[in-house]
Amino acid sequence: MNPAVVRVTRKDALISPGLDAFKAEPAAFKVYTDRQMDQIPQLARLPEETRFDMKVVASVLPFRVNQYVIDELIDWDDIPEDPIFQLVFPQRGMLKPGMFERMARLHRENADKAAIQALAHELRMELNPHPAGQMEMNLPKVDGEVVEGLQHKYRETVLFFPSQGQTCHSYCTFCFRWAQFVGDKELRIASNQAHQLHAYLAEHKEVTDLLVTGGDPMIMKTRHLEGYLSRLIEPEFDHVQTIRIGTKALTFWPHRFVSDADADDLIVLLEKLVQAGKHVAIMAHYNHWRELKTDIAYEAIRRIRDTGAEIRAQGPLLAHINDHADDWAKLWQEQVRVGIIPYYMFVERDTGAQHYFEVPLAKAYAIYRDAIRQVSGLARTARGPSMSAAPGKVEIQGVTEINGEKVFVLRFIQGRNPAWVQRPFFARYDEKATWLDHLRPAFGEEKFFFEDEFEAMKSA
Ligand code: SF4
């Protein structure tokens, strides 16, 4: 299919009053980091102590927010409870008391930048910056050399981290990739080598899915995204059937798909991939139904769906943000209403400010169950609660009693060994456990069925 022909067709079809209005006055992207926090007018209404706390936390964990999030998504009459405020603004509890006090002392003493940075680095190292064996286990090699910016954890899926997409339109306070955003180069995984991506994919015919991820790949200019993706329509990449793009731009900057200077080019690129026979999936990150409620967010969703790409929604379950079944039910219902497919409810990972956001697995399961009961079949595509742990994605399927023992019923949705997938296994019920590592096998067994094999993989 000639892309030029597609473009003409699309332009006609895309005309709508909403789109014209957004394009007539495109919003400029304005961002604030910890250095410009004081310039956010809405923060002036908060007590000085709260603002100090935020600065202390922001010197350890990354902070970045843009004007759209501040003006359109946060309800400033509901601070600090507002879920979007919690999602982007640092809170005192995000650092454990000992850590917070050490950093607060430096700020109170007006310590120099070098001292603050040195302590920040030390504290970050205590926050498990690379969960799930990212740095040791998932790095693919060609001729014994590590290919930068790729991860190949599951047989059929390769993750690609383009270097131009390693930041985001705003940062989530709970992000499991937070380590990439704090300037420590050793914590960053990224590549700008399109040829390495293409060489690896050409060689690995078992790979059916490419996941472009970040940061947020939608922060990239379309021409960069095109450099990575447009070659995939060539016959040597026929085995790569699905192109997934992980993004939170539909929440943080929907203008990317609507009124940014290269928004139309992006729409054309998505369409070109779809027309060439690729399954294109925008893996949208959502935490709260409020993220879907602006006109421009709706327009962005409409434009993407018009290309033939699908949008699947996923996000973690988080204390302070979305730990209520009703909010999840409303989120999934709203997604289905606008044509998005609910995909995953994740468990908050064991990194960063986990202690602040974590929800015990037992409670997470109850929230999932109570939410899924409220929605129709089309919204029951959401799987979960799922832990993206080092051996694989483990879903809590239920809580039951077997031979008088209360247990969690678990299964691998994805596993480092594909043979593990779908096999049910059982853990002793533990009301406080928040991650796979906390669980012990049920029925008096010493190990879970996959543990020996997984240990052998780690030392290979
Ligand atoms: S948008 Fe995604 S990668 Fe970026 S901060 Fe949020 S969770 Fe992390």
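Refer to the structure presented above.
Small disclaimer: the values here were computed from a predicted structure and weren't measured. (Residues numbered from 1 in each chain as written. Predicted model: local features only at pLDDT ≥ 70, side-chain atom pairs only at ≥ 80, totals over all residues. Heavy atoms only, no water.)

### Looking at the site of the ligand
Here's step 1: Taken together, Cys168, Tyr171, Cys172, Cys175, Phe181, Gly215, Lys248 and His285 make up the full set of residues near the ligand.
Here's step 2: Classifying every residue of the shell around the ligand by side-chain character gives five nonpolar, two polar and one charged. (Near = heavy atom within 4 Å. Nonpolar A, V, L, I, M, F, W, Y, C, P; charged D, E, K, R; others polar.)

### Structural notes on the packing of helix 6 (residues 97–108) against helix 7 (residues 113–125)
Here's step 1: Axis separation between helix 6 and helix 7 bottoms out at 10 Å; the angle between their running directions is 175°. Comparing their axes, helix 7 and helix 6 come out roughly antiparallel. Where helix 6 approaches helix 7, its residues Met99, Arg102, Met103, Leu106 and His107 are matched on the opposing element by Ala115, Ile116, Leu119, Ala120, Glu122 and Leu123.
Here's step 2: For the contact of helix 6 with helix 7, a count of residues per class yields eight nonpolar, one polar and two charged. (Axes fitted to C-alpha atoms, helices over the stretch in contact; angles between N-to-C directions. Helix = DSSP H or I, 4+ residues; strand = E, 2+ residues; numbered from the N terminus. Parallel < 35°, antiparallel > 145°, perpendicular 65-115°, else oblique. Contact = heavy atoms within 4.5 Å.)

### What about helix 10 (residues 222–229)?
Here's step 1: Within the sequence span of helix 10, burial applies to Thr222, Leu225, Tyr228 and Leu229. All buried residues of helix 10 project into a common sector of 120° when viewed along the axis, lining one side. (Buried < 20%, exposed > 50% of the residue type's maximum accessible area, 1.4 Å probe, protein only. Arc of directions from axis to C-beta.)

### Describing the environment of alanine 433
Here's step 1: Mapping alanine 433 onto the fold places it in the loop between strand 15 (424–428) and helix 17 (451–459).
Here's step 2: For the pair alanine 433 and valine 359, spaced 74 residues apart in the sequence, the C-alpha separation amounts to 8.8 Å.
Here's step 3: Once residues within four sequence positions are removed from consideration, alanine 433 is found in contact with Pro360, Leu361, His438 and Leu439.

### What about the layout of surface pockets?
Here's step 1: Quantified by volume, the second largest pocket comes out at close to 740 Å³.
Here's step 2: Around the second largest pocket, the lining is made up of 23 residues, and of these Asp34, Arg35, Ala58, Ser59 and Ile116 lie nearest the centre.
Here's step 3: Secondary structure elements with two or more residues in the lining of the second largest pocket: helix 3 (48–58) and helix 7.
Here's step 4: A per-element tally of the lining of the second largest pocket places helix 7 first, with five residues.
Here's step 5: When the residues that make up the lining of the second largest pocket are grouped by side-chain class, the tally is eleven nonpolar, five polar and seven charged. (1 Å grid on protein atoms, 1.4 Å probe; cavity = no way out; pocket = protein on both sides within 12 Å on 5 of 7 lines; lining within 4 Å. Points joined across faces, edges and corners; volume = space filled by probe spheres on them.)

### Side note on the packing of helix 3 against helix 6
Here's step 1: Where helix 3 contacts helix 6, the axes come no closer than 9 Å and their chain directions differ by 110°. Taken as axis vectors, helix 3 and helix 6 run roughly perpendicular relative to one another. In this structure, helix 3 uses Phe52, Asp53, Lys55, Val56 and Val57 to contact helix 6, whose residues at the interface are Phe100, Met103, Ala104, His107 and Arg108.
Here's step 2: The residue inventory of the contact of helix 3 with helix 6, partitioned by class, reads six nonpolar, one polar and three charged.

### As for the pattern of salt bridges
Here's step 1: Using the criterion set out here, one finds 27 salt bridges in the structure.
Here's step 2: In this structure, arginine 92 and aspartate 53 form a salt bridge, with 3.7 Å as the shortest nitrogen-oxygen distance. Pair noted here: arginine 92 is in the loop between helix 5 (83–88) and helix 6 and aspartate 53 is in helix 3, with a separation of 39 residues, a long-range link.
Here's step 3: Note that arginine 108 and glutamate 101 form a salt bridge whose closest N and O atoms lie 3.7 Å from each other. (Salt bridge = Lys/Arg side-chain N within 4 Å of Asp/Glu carboxyl O.)

### With respect to the pairing of strand 11 (residues 341–347)
Here's step 1: Of all seven residues that make up strand 11, six are buried, and the element is covered over most of its length.
Here's step 2: The sheet contact formed by strand 10 (residues 310–317) and strand 11 spans six bridges and is parallel. Looking across to strand 11, one finds that leucine 317 is bridged to valine 347.
Here's step 3: Considered for its hand, the β-α-β crossover made up of strand 10, helix 14 (residues 325–337) and strand 11 is right-handed. (Pairing = 2+ DSSP bridges. Right-handed = clockwise from strand over helix to strand, strands pointing away.)

### Brief notes about the packing of aromatic side chains
Here's step 1: In total, this model carries 27 aromatic pairs according to the counting rule given.
Here's step 2: Centroid distance tyrosine 344 to phenylalanine 346: 4.7 Å. Interplanar angle 20°. Geometry classified as stacked.
Here's step 3: A ring pair is formed by tryptophan 420 and phenylalanine 449, whose centres lie 6.5 Å apart and whose planes are at 90°; its orientation type is edge-to-face. Residue tryptophan 420 is located in the loop between strand 14 (405–415) and strand 15, and its partner phenylalanine 449 is located in the loop between strand 15 and helix 17; the two are separated by 29 residues in the primary sequence.
Here's step 4: A residue is classified by how much of its surface remains accessible, and tryptophan 420, at 2% relative accessible area, is buried.
Here's step 5: We classify phenylalanine 449 as partly exposed; its relative accessible area is 27%.
Here's step 6: Site record: aromatic cluster; members linked through ring pairs are Phe412, Trp420, Phe425, Phe448, Phe449 and Phe450.
Here's step 7: For lysine 406, the ring lying beneath its charged end belongs to tyrosine 429, and the centroid distance is 4.0 Å. (Phe/Tyr/Trp six-rings, centres within 6.5 Å; stacked < 30°, edge-to-face > 60°. Lys NZ or Arg CZ within 6 Å of the ring centre and 35° of its normal.)

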